[in-house]
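Architecture and fold: a report
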Amino acid sequence: MAVIQFDQGSFHRLKSLDWPENIIPIFQPSHSPELNPIERVWQWLKRQLEWENCDSLIQLRHKLSELLQAIIPDQIISLTSYDFILEALFSAAS
């Protein structure tokens, strides 16, 4: 089984979407970016770059590329995992 988290975008809630049996969709409440894992990644990236002064967009892209290439799986896990969601899912499944 795999869990996929979605926001409340209408394209995610179409009745015509056909979920594979091994997918459990979870829809986060409206207006709750704090529950969206990618938002925590963006916050981390912004913190890494907040004191950088780039002379050009190319330089900013280069610095961002360096950050993304250096990030390790454990960092991504710590930024994007939500233990309370997993605990709720596992308790609901049992």
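Report follows, based on the coordinates. Nothing here was measured: the structure is a model prediction, and the numbers come from that model. (Residues numbered from 1 in each chain as written. Predicted model: local features only at pLDDT ≥ 70, side-chain atom pairs only at ≥ 80, totals over all residues. Heavy atoms only, no water.)

**Topic: the overall build of the chain**
Check the secondary structure of the chain and you find four helices and two strands. Listing the helices and strands of the chain from first to last along the sequence gives β-β-α-α-α-α. Within the span of the chain, comprising 94 residues, buried residues form 19% of the whole. Contacts in the chain between residues at least 24 apart in sequence constitute 31% of all its contacts with a sequence separation of at least 6. Here the chain displays about 7600 Å² of accessible surface, and carbon together with sulfur accounts for 58% of that area. (Helix = DSSP H or I, 4+ residues; strand = E, 2+ residues; numbered from the N terminus. Buried < 20%, exposed > 50% of the residue type's maximum accessible area, 1.4 Å probe, protein only. Contact = heavy atoms within 4.5 Å. Areas by Shrake-Rupley, 256 points an atom, 1.4 Å probe, with all protein chains shown as cover.)

**Considerations on the nonpolar core**
Counting residues in hydrophobic clusters, the biggest one holds seven residues: V41, W44, L45, L49, L67, I71 and L79. Sorting elements by how many residues they give to this core places helix α1 (residues 37-49) first, with four residues. Excluding residues that lie within four positions of it along the chain, L45 makes contacts with L64, L67 and L68. (Core = buried A, V, L, I, M, F, W, Y, C linked by side-chain atoms within 4.5 Å.)

**Comments concerning a nonpolar patch on the surface**
A grouping of M1, V3 and I24 is seen on the molecular surface, where their side chains present a nonpolar patch of about 300 Å² in accessible area. Looking at where V3 falls in the secondary structure, it is placed in strand β1 (residues 2-6). (Patch = residues over 30% accessible without salt bridge, like charges linked within 9 Å, V, L, I, M, F, W, Y side chains within 5 Å. Salt bridge = Lys/Arg side-chain N within 4 Å of Asp/Glu carboxyl O.)

**Some details on the environment of Y82**
With respect to the helices, strands and loops of the structure, Y82 is situated in the loop between α3 (73-80) and α4 (83-93). Between the C-alpha atoms of Y82 and L35, which are 47 residues apart in sequence, the distance is 8.4 Å. Other than its neighbours up to four places away in sequence, Y82 contacts E34, L35, N36, P37 and R40.

**Remarks on the packing of α1 against α3**
It is at 8 Å that the axes of α1 and α3 come closest, and there the two elements cross at 120 degrees. The angle between α1 and α3 places the two elements in the oblique class. Between α1 and α3 lies a crossing whose hand is right-handed. On the side of α1, the interface is formed by P37, R40, V41 and W44, while α3 contributes Q75, S78, L79 and T80. (Axes fitted to C-alpha atoms, helices over the stretch in contact; angles between N-to-C directions. Parallel < 35°, antiparallel > 145°, perpendicular 65-115°, else oblique. Left-handed = near helix turned anticlockwise from the far one by under 90°.)

**Describing the packing of α1 against helix α2 (residues 57-70)**
For the pair α1 and α2, interaxial distance at closest approach is 11 Å and the crossing angle is 120 degrees. As far as their axial angle goes, α2 and α1 are oblique. The element α1 and its partner α2 pack so that their crossing is right-handed. Residue-level contacts link W44, L45, Q48 and L49 of α1 to L60, K63, L64, L67 and L68 of α2.

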